[in-house]
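Geometric and topological summary
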Amino acid sequence: MRREAEEVYAQHAEGDWVIDFTWYFDRVHEAQKYPPIPDRKTQAAWSAALKHVNNGGDDILDSTRLGTVESQSAEQAKEEARGWKELAEGIKDLKALEVRLHDVFGLDPLTSP
């Protein structure tokens, strides 16, 4: 999940306009269906990270709907900025989760969670 969030964020950081979120939301929704992590603190961290990457993506998508408006309103620009900030927070949370999984449980993900 972190890899996908970082890929979307990198496009933004490079000044590209992120157009197709379908693949991203497919991964987020798939991750939301994972069974709970038995450790309460780790599950809370995972849930918070998923909330940030999902809500951030939603805000970005809602504020940049293609073909619906000629230009972005000031409110939409604020919503988009808020979305990018929340997505960045989710990426930070996912990185912290990886550290926790390693430090507490000795786990290293085969792929980014």
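Whatever comes next refers back to the structure up there.
Let us look at the structure shown here. Here the residue numbers are simple positions, counted from 1 along each chain's written sequence. At least 70 in pLDDT is required for a residue's local features to be given in this predicted model, at least 80 for side-chain atom pairs to be given and counted, and no such filter applies to totals for whole chains, interfaces and linings, which use all residues. Each side-chain value is worked out from all heavy atoms of the structure, with water and hydrogens disregarded.

The subject of this paragraph is the overall build of the chain. Each helix and strand in the chain was counted, giving four helices and zero strands. The helix and strand labels rest on DSSP assignments: H or I over at least four residues marks a helix, E over at least two residues marks a strand, and numbering proceeds from the N terminus. Walking the chain from its N terminus toward its C terminus, one meets helices and strands in the order α-α-α-α. Principal-axis analysis of the C-alpha atoms places the extent of the chain at approximately 50 × 25 × 20 Å. Here a residue-residue contact requires only that any non-hydrogen atoms of the pair lie within 4.5 Å. Across the chain, the fraction of contacts at a sequence separation of at least 24, relative to all contacts at a separation of at least 6, is 66%. Of the roughly 7,000 Å² that the chain leaves accessible, carbon and sulfur atoms contribute 54%. In this charge count, Lys and Arg are treated as positive and Asp and Glu as negative; neither His nor the chain ends contribute. For this purpose, a charge sits on NZ of Lys, CZ of Arg, CG of Asp or CD of Glu. A distance of 8 Å separates the average location of the 14 positive side-chain charges in the chain from that of its 22 negative side-chain charges. Accessible surface is estimated by sampling points in the Shrake-Rupley manner with a 1.4 Å probe; for residues, cover comes only from the protein chains shown.

This paragraph deals with the environment of tyrosine 34. Assignment of secondary structure puts tyrosine 34 in the loop between helix 2 (22-32) and helix 3 (40-63). Take tyrosine 34: its relative accessible area is 37%, and that puts it in the partly exposed class. Tyrosine 34 has contacts with Arg27 and Trp46, leaving out every residue within four places of it along the chain. In this scheme, a residue with accessible area under 20% of its type's maximum is buried, one over 50% is exposed, and one in between is partly exposed, where area comes from a 1.4 Å probe on protein chains only.

This part is about the packing of helix 3 against helix 4 (residues 74-105). Packed helices, taken two at a time, are described by the angle their axes make and the gap between the axes. Look at helix 3 against helix 4: their axes get within 7 Å of each other, and the N-to-C directions meet at 155°. Relative to helix 4, the element helix 3 lies roughly antiparallel. Handedness of the helix 3/helix 4 crossing: left-handed. Across the contact of helix 3 with helix 4, the residue classes tally to 13 nonpolar, eight polar and 11 charged. Whenever a helix is involved, its axis is fitted only over the stretch in contact; in every case the axis is a line through C-alpha atoms, and angles between N-to-C directions fall within 0 to 180 degrees. Every angle not falling under 35 degrees, over 145, or within 65 to 115 is termed oblique; those three ranges are roughly parallel, roughly antiparallel and roughly perpendicular. In a left-handed crossing the near helix is turned counterclockwise from the far helix by less than a right angle, and in a right-handed crossing that turn is clockwise. Amino acids outside the nonpolar list (Ala, Val, Leu, Ile, Met, Phe, Trp, Tyr, Cys, Pro) and the charged list (Asp, Glu, Lys, Arg) are all regarded as polar, and Gly is one of them.

Nothing here speaks to function; it is all geometry.
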